[in-house]
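Examining the three-dimensional arrangement
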Amino acid sequence: RVHGDFTLFPFAMSASIEGVWPQVVTPFSKTGAIDLEALDRLVEWYISAGVSGLMILLEKSGEANQCSDPERLEVTQRVVTKVAGRIGVICGGAFGGPMEQCAKLAVSLSKLGVAALALESSHFSLAADPESKWKANMELFLLMVPRVRFVLVETSRPVSAETLAWVATTGRFDAFVEGPQSSGLEAKAAALSGATTPVSMFTSESAVAARALALGVKGLTGFAVAVEPHAHVWLVRHGERFEDFARQLCELLAILDSGLEPKAPVALKQSLLPRIESLTTFVRAKVGPARLSLTDRELRALTALLAISAAWLEAHPMP
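This structure is a prediction, so every number in the text was calculated from the model and none was measured.

So, the nonpolar core
By size, the foremost hydrophobic cluster in this structure holds 93 residues, and its most contacted members are Leu54 and Phe141. Of the residues forming this core, the biggest block, eight residues, is contributed by helix α12 (residues 243-260). Non-local contacts of Leu54, meaning those with residues more than four positions away in its chain, are made with Trp21, Pro22, Val24, Val43, Tyr46, Val79, Val83, Ile87, Gly88, Val89 and Ile90. Ranked by size, the runner-up nonpolar core spans twelve residues in total, among them Trp21, Leu58, Val153 and Ala175.

As structure tokens, this is what we get:
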């Protein structure tokens, strides 16, 4: 077991995890080094958009699997320092590999002032493995990392409503992020609503954002949130009062989501280039889907969608 005494940042002790939490890309220079100054600018841009917190070092959006342990610690410390308690920070907390090594890193990350560590569902068993194996691995990890708060992020390994009900009984999770193109939104929301320990639910699918919020879902995240946080902040704050506009906005954001998801993280960086000075589209992956980029036609279409979204928000300003 990995044990350790530590003090969490004050934010982590008092704030609930809800609202809009973009999944932040990890900026690299043209030579592949982490660009901390671009990361600072990205953090400030999100804060100016009114987000509640940031999710950093997730596998697909943040390329966490392409970073070393020292880099993961450096990025987390940099973001927490830059945020300075203004909003929350959740960082990836397990990145594959031997469980003891993962647990040791999780303890180190938890000391840096994050609100919670994100555990991606695919890191605890294969999609084809029985649920019992996933639960056993998760239970062992929780024992190895005591007193740390977590967020469960649904990825390629689906999380059923039954599993989610079990997760809530552990008392270790503050939130659950439903994956894109997942199913059973209502059942999962119901599973968490009856939990004795409150667990906030997030959706990462902008197409259902308005409906999810009406069901009691507490937060929004995902690919469209990363490039258009302003619209999602509007949805959380005012979508219930302006249902027709919220529905139309979700339809627009769904198109944005579908264009970004297959080609993340490059597509996210391409979409953010006009907003973040010195940001590049560099990714460290040498082969595979992570290197896919938007075509000129796709990029023009997404740029147009962002312009339309901005115009709609200008016509319906926040009260």
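Next comes the rest of the description.
Observations regarding the packing of helix α11 (residues 229-238) against α12
Taken N-terminus to C-terminus, the directions of α11 and α12 make an angle of 150°; their axes are 11 Å apart at the nearest point. In terms of axis orientation, α11 runs roughly antiparallel to α12. Note on packing geometry: the crossing formed by α11 with α12 is left-handed. Where α11 approaches α12, its residues Ala231, His232, Trp234 and Leu235 are matched on the opposing element by Phe245, Ala246, Leu249, Cys250 and Leu253.

Overview of the pattern of salt bridges
Counted according to the given criterion, the structure contains 14 salt bridges. A salt bridge links Glu63 to Lys269, with the shortest nitrogen-to-oxygen separation between them at 2.8 Å. Placement of Glu63 in the loop between α3 (59-62) and α4 (69-83) and of Lys269 in helix α13 (residues 266-272) is noted, with a sequence separation of 206 residues between them. Taken individually, Glu63 and Lys269 each receive the classification buried, so the pair is uniform in this respect. With a closest N to O distance of 2.9 Å, Arg149 and Asp174 form a salt bridge. Here Arg149, found in the loop between α6 (131-144) and β5 (150-153), pairs with Asp174, found in strand β6 (residues 173-178); they are 25 residues apart in sequence, far enough to count as distant. Arg149 gets classed as partly exposed once you look at its relative accessible area, which sits at 21%.

Overview of the confidence of the model for the protein chain
Residues of the protein chain with pLDDT of at least 70 account for 95%, and the chain-wide mean is 90. Across residues 1-14 the pLDDT falls below 50, and counting only partners more than four positions away or on other chains, this stretch makes 31 contacts in the model.

Things to note about the sheet that holds strand β8 (residues 219-220)
Read across the sheet, eight strands follow the order β1-β8-β7-β6-β5-β4-β3-β2 without closing on themselves; strand pairing throughout is parallel. Of all the strands in the sheet, just β1 (19-20) and β2 (53-56) have a single pairing partner and so form its edges. As paired elements, strand β3 (residues 88-92) and strand β4 (residues 116-120) share three bridges and run parallel to each other. Looking at β4, one finds that Ile90 is bridged to Ala116.

Some thoughts on the layout of surface pockets
The calculated volume of the largest pocket comes to roughly 430 Å³. Around the largest pocket sit 23 residues that line it, and Lys60, Glu154, Thr155, Ser156 and Pro180 are the ones nearest its centre. At the level of secondary structure, the elements contributing two or more residues to the lining of the largest pocket comprise α3 and β6. Ranked by residues supplied to the lining of the largest pocket, first place goes to α3 with three residues. Split by residue class, the lining of the largest pocket holds six nonpolar, eleven polar and six charged. Estimated volume of the second largest pocket: approximately 320 Å³. In terms of lining, the second largest pocket is formed by 18 residues, of which the most central are Pro198, Val199, Ser200, Met201 and Lys218. When contributions to the lining of the second largest pocket are tallied by element, the ones reaching two or more residues are α8 (185-193) and β7 (200-203). Along the lines of polarity and charge, the residues of the lining of the second largest pocket split into nine nonpolar, five polar and four charged.

Comments concerning the pairing of β6
For β6, the tally of buried residues reaches five of six residues, placing the bulk of the element in the interior. Between β5 and its parallel partner β6, the chain crosses via helix α7 (residues 161-169), and the hand of that crossover is right-handed. Looking at chain direction, β6 and β7 are connected through four bridges and run parallel. In the sheet register, Val177 faces β7, and the bridge partner there is Phe202. With respect to chirality, the unit in which β6 leads through α8 into the neighbouring parallel β7 is right-handed.

Topic: the pairing of β4
Most of β4 sits inside the fold, with five of its five residues counted as buried. Alternating positions in β4 separate into two faces, Ala116, Ala118 and Glu120 on one and Leu117 and Leu119 on the other, with burial throughout. Taken together, β3, helix α5 (residues 99-110) and β4 form a β-α-β motif whose crossover is right-handed. One ladder, built from four bridges, connects β4 with β5; its direction is parallel. Pairing of Ala118 across the sheet is with Val151, part of β5. The handedness of the β4 to β5 crossover, carried by α6, is right-handed.

How each quantity is defined
- Residues numbered from 1 in each chain as written.
- Predicted model: local features only at pLDDT ≥ 70, side-chain atom pairs only at ≥ 80, totals over all residues.
- Heavy atoms only, no water.
- Core = buried A, V, L, I, M, F, W, Y, C linked by side-chain atoms within 4.5 Å.
- Buried < 20%, exposed > 50% of the residue type's maximum accessible area, 1.4 Å probe, protein only.
- Helix = DSSP H or I, 4+ residues; strand = E, 2+ residues; numbered from the N terminus.
- Contact = heavy atoms within 4.5 Å.
- Axes fitted to C-alpha atoms, helices over the stretch in contact; angles between N-to-C directions.
- Parallel < 35°, antiparallel > 145°, perpendicular 65-115°, else oblique.
- Left-handed = near helix turned anticlockwise from the far one by under 90°.
- Salt bridge = Lys/Arg side-chain N within 4 Å of Asp/Glu carboxyl O.
- pLDDT = per-residue confidence, 0-100.
- Pairing = 2+ DSSP bridges.
- 1 Å grid on protein atoms, 1.4 Å probe; cavity = no way out; pocket = protein on both sides within 12 Å on 5 of 7 lines; lining within 4 Å.
- Points joined across faces, edges and corners; volume = space filled by probe spheres on them.
- Nonpolar A, V, L, I, M, F, W, Y, C, P; charged D, E, K, R; others polar.
- Right-handed = clockwise from strand over helix to strand, strands pointing away.

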